[in-house]
Amino acid sequence: MKVLVIGPGGREHAIVRSLLADPNVSEVHAAPGNAGISTLVPTYAIDANDPDAVAALATRLAVDLVVVGPEAPLAAGVSDAVREAGIPVFGPSKAAAQLEASKAFAKDIMAEAGVPTAMARVASNAEEAADALDTFGAPYVVKDDGLAAGKGVVVTNDRDEALAHAQSCFDAGGSVVIEEFLDGPEVSLFVLCDGNTTVALSPAQDFKRIFDNDEGPNTGGMGAYTPLEWAPEGLVDEVLERVAQPTVSQMAHRGTPFVGVLFIGLALTSRGTRVIEFNVRFGDPETQAVLARLKTPLGGLLMAAAKGELAEAQPLRWSRDTAVAVVVAAENYPGTPRTGDRIRGLKKAEALEGVHVIHAGTRLDDDGKVVSAGGRVLAVVALGTDLVEARERAYDGVELIQLEGSQYRTDIGAKAARGAITVAGPAAATKAKS
Ligand code: AMP
Ligand code: GLY
């Protein structure tokens, strides 16, 4: 099987790495890729958001499957163009990608499918925003209605700050969704979908804020670990039954079947499990950790989803190890990042037991040296027999990476490793085994 992976980031590097480990995958290509991906497979400097360019490349390479990583090409209709060219594609249509591209659309689907989520109101001017904020009270949750790379959400106790964020979205010509605040730990669950059937991967936890102790602004994600020892038993089955399957059925019923990965962001609140958001692609950096544990060959699985054959898939197999991914970000991220700096220590980090490095914002300079080229630069991923060992290994690797001005969180997985995560809700009665 020949596979083309679309996207420039860490998620795509992790996907390429896993595809190369699949004995049934003979060739992998990537576009546009990054410095890490280009050391593994041929890359092509096309515009990943251009449906015709991607379909033309897939046709020219005669690939059997296209895997679309990020949300922007999906929202631009890249999957539709590839499908029209007669090539199976893992990634939803433009219509189905609205589940992520429009938070208001996602809320409509959740209401139609009876999916538990935060109460929400759409506001398109300051008056409506103020009214919605006062309906739900503090803490205030204000979300840009469009795609914002995880950075469009403000959660604050400061009413003026909440209003100011709403105003900045209105000024940019958009609208906002204002929600009730959801308490409790968050979980990222990836569910493979073939239009009808759903298959869940192992849950992970992401760290959205830039600084330790969940302080500072939201980012695309600063680290992740999996599995979640503290998660209530039956969580995955509950989410498949109450969230994933009804959503996929509703999308099929509307004539816009969902094919690809439905990324369900959950809060385990004191009143039960609630959906925070849907994304229509793998999470970054959760994927770096989740795929590090997946033993089932990835290519066959993604092809089964693309072809509507997930019902015939064998149960997934997982390593017993725990995986931790720690993101190294550039100076000033999540603001405009400093770029163009040499990255040293990559080989030393990768020589550590159980450690590998996944590139995100990197490129090769004219001398063939790896330099920073984005906000989240790379992730050090480590496997260990438990969370304590995986964390130690990941941070040993992070300390070997040299990048001027770079920053990382020191507490990825720390609370869980201390056994300090508690679930207050109705689901908390029993504890999970895996
Ligand atoms: P989103 O882009 O919707 O995933 O939101 C980004 C982050 O904001 C989430 O991971 C949460 O940490 C936080 N967030 C979003 N919605 C809520 C909510 N209703 N209550 C509490 N926190 C939220
Ligand atoms: N890490 C969260 C995301 O990919 O949106």
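Refer to the structure above for everything that follows.
A brief structural summary.

Cut-off values and rules
Residues numbered from 1 in each chain as written. Chains lettered and ligands numbered in written order. Predicted model: local features only at pLDDT ≥ 70, side-chain atom pairs only at ≥ 80, totals over all residues. Heavy atoms only, no water. Near = heavy atom within 4 Å. Polar contact = N/O pair within 3.5 Å; in protein donor to acceptor, adjacent residues only side chain to side chain. Areas by Shrake-Rupley, 256 points an atom, 1.4 Å probe, with all protein chains shown as cover. Nonpolar A, V, L, I, M, F, W, Y, C, P; charged D, E, K, R; others polar. Helix = DSSP H or I, 4+ residues; strand = E, 2+ residues; numbered from the N terminus. Buried < 20%, exposed > 50% of the residue type's maximum accessible area, 1.4 Å probe, protein only. Patch = residues over 30% accessible without salt bridge, like charges linked within 9 Å, V, L, I, M, F, W, Y side chains within 5 Å. Salt bridge = Lys/Arg side-chain N within 4 Å of Asp/Glu carboxyl O. Lys, Arg positive; Asp, Glu negative; His and termini not counted. Charge placed at Lys NZ, Arg CZ, Asp CG, Glu CD.

Looking now at the site of ligand 2. Every residue near ligand 2 is listed here: Asp206, Gly220, Phe263, Asn279, Arg281, Gly283, Asp284, Pro285 and Glu286. At 3.0 Å from a nitrogen atom of ligand 2 is found a main-chain nitrogen or oxygen belonging to Gly220. Here ligand 2 loses 94% of its free accessible area of 200 Å² to cover by the protein chains. The residue makeup of the shell around ligand 2, split by class, is two nonpolar, three polar and four charged.

Close to ligand 1 lie 14 residues; Lys143, Glu179, Leu182, Glu186 and Glu277 are nearest. Lys103 places a side-chain nitrogen or oxygen 3.2 Å from an oxygen atom of ligand 1. One of the side-chain N or O atoms of Glu179 is found 2.8 Å from a nitrogen atom in ligand 1. Out of a free accessible area of 470 Å², ligand 1 has 93% covered by protein chains. Secondary structure elements with two or more residues in the shell around ligand 1: strand 6 (140-144), strand 7 (153-156) and strand 16 (272-279). Along the lines of polarity and charge, the residues of the shell around ligand 1 split into six nonpolar, one polar and seven charged.

Before going further, it helps to spend a moment on unusual backbone geometry. A cis amide bond, omega -10°, links Ala138 with the succeeding residue Pro139. With respect to the helices, strands and loops of the structure, Pro139 is situated in the loop between helix 8 (126-136) and strand 6. Residue Pro334 is bonded to the preceding Tyr333 through a cis peptide linkage, with omega at 5°. Here Pro334 shows up in the loop between strand 17 (322-329) and helix 13 (346-350). Here the phi dihedral of Asn332 falls at roughly 80°; this positive angle occurs in a residue that is not glycine. Mapped onto the secondary structure, Asn332 falls in the loop between strand 17 and helix 13. By relative accessible area, Asn332 is classed as partly exposed at 48%.

Taken together, the side chains of Arg342, Arg344, Lys347 and Lys369 make up a positively charged region of the molecular surface. The exposure class of Arg344 is partly exposed, given its relative accessible area of 42%.

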